[in-house]
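Observations on the three-dimensional arrangement
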Amino acid sequence: MSDLADGARSEQERSAEPSDVAPSAAEPSEAEPSASGPESGADSGTDGADGTAGKKKGNRPFWKELPLLIGIALVLALFIKTFLVQAFSIPSDSMQNTLQRGDRVLVDKLTPWFGSEPERGEVVVFHDPDKWLEGEPTPTPNAAQKFLSFVGLMPSAEEKDLIKRTIAVAGDTVECKKGGPVEVNGKALTEPYVFPGNSACDDMPFGPFKVPDGKIWVMGDHRQDSADSRYHTDDVNKGFVPVSQVVGRAVVVAWPVNRWSVLSVPDTFDQPGISAAAGAAPGVLGLAGAVPFVLRRRRRLTAGRTAG
């Protein structure tokens, strides 16, 4: 019996051996999917890397974009300075109290490009017509100031420019006798902008002068501290400023902030009859309106004579 029992146990052990070996034999087949798993994972990882790289290419770092942004800003600033608006610094007291030394004004450079010319009462910036600033000291800017002024981000310290008020334009007759007001086309100007305590022109009476075509007559608001048109009647332009030398109209005091203001045209320049062209307009219009009636009458008379 014991032999039979031992034989049965050994037979059972032999029959059990294939089941014990089967798992080890199956391991390679189970390992194959796991081996392919990492490969597919590697592929997906590569795809992910490509996707991330694509995103990085689309969203460049800010520091890489910064030079381009600065370049665009400088080009726009240069365009604005050349064609639209430019900042100027007030170098003297000749326009007090309207403008103080050191004020920064913004000058409209756009309208002259469309043929607009200065009008009476406007404050204008213009290039030196004929050595008006001869002997005046000119500051020497550093390299950074030169660059910033070139692109229009700060006023230029080297340009020989002046700023005055336009008093008369082409076709106007302007004069000022000692003790009297400035007159334009026979109309006296009430000038609230003149520096307190100043006379209209007692330091340098002038005229009458007729303003030539393409010229303007300018004066500073601080009359006793302004070497304006009155003081240059012996130069090549007879004291007048060529319109071609006008940079533009000063429209706003932009700096300092507590002096911000708009440089509007005073009401004294809107009084009736001050414009020479307006004064002649009624007569011209009347003549133009009468011409058709005169011609019609002449035709009737001529027709009557022919019929007779």
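Placed above this text is the structure.
Summarised in this report is the structure supplied together with it. From a predicted model like this one, the values you see are computed outputs, not experimental measurements.

Parameters at a glance
- Residues numbered from 1 in each chain as written.
- Predicted model: local features only at pLDDT ≥ 70, side-chain atom pairs only at ≥ 80, totals over all residues.
- Heavy atoms only, no water.
- Disulfide = S-S within 2.5 Å.
- Helix = DSSP H or I, 4+ residues; strand = E, 2+ residues; numbered from the N terminus.
- Buried < 20%, exposed > 50% of the residue type's maximum accessible area, 1.4 Å probe, protein only.
- Polar contact = N/O pair within 3.5 Å; in protein donor to acceptor, adjacent residues only side chain to side chain.
- Contact = heavy atoms within 4.5 Å.

Each disulfide consists of a covalent bond between the sulfur atoms of two cysteine residues. Taken as a whole, this structure holds 1 disulfide when the rule is applied. Note on cysteine connectivity: Cys176 is disulfide-linked to Cys201, with sulfurs 1.9 Å apart. In this structure, the disulfide formed by Cys176 and Cys201 twists by about -90° around the S-S bond and is classed as left-handed. Separated by 25 residues along the polypeptide, Cys176 in strand β5 (residues 173-176) and Cys201 in the loop between β7 (187-188) and β8 (206-210) bring together distant segments of the chain. A residue is classified by how much of its surface remains accessible, and Cys176, at 1% relative accessible area, is buried.

Mapped onto the fold, Arg104 is located in strand β2 (residues 104-108). Here Arg104 falls in the partly exposed class, since its relative accessible area comes to 31%. Between the alpha carbons of Arg104 and Ser89 there is a distance of 4.6 Å; along the sequence they are 15 residues apart.

Quick look at the side chain of Arg223 now. Tracing the chain through its elements places Arg223 in the loop between β9 (215-219) and β10 (241-242). Polar contacts involving the side chain of Arg223 include one to the side chain of Glu191, which spans 2.7 Å. In contact with Arg223, other than residues within four places in its own chain, are Ile167, Val182, Glu191, Tyr193, Val194, Asn198, Ser199, Ala200, Asp203 and Arg230.

By themselves these figures say nothing about function.
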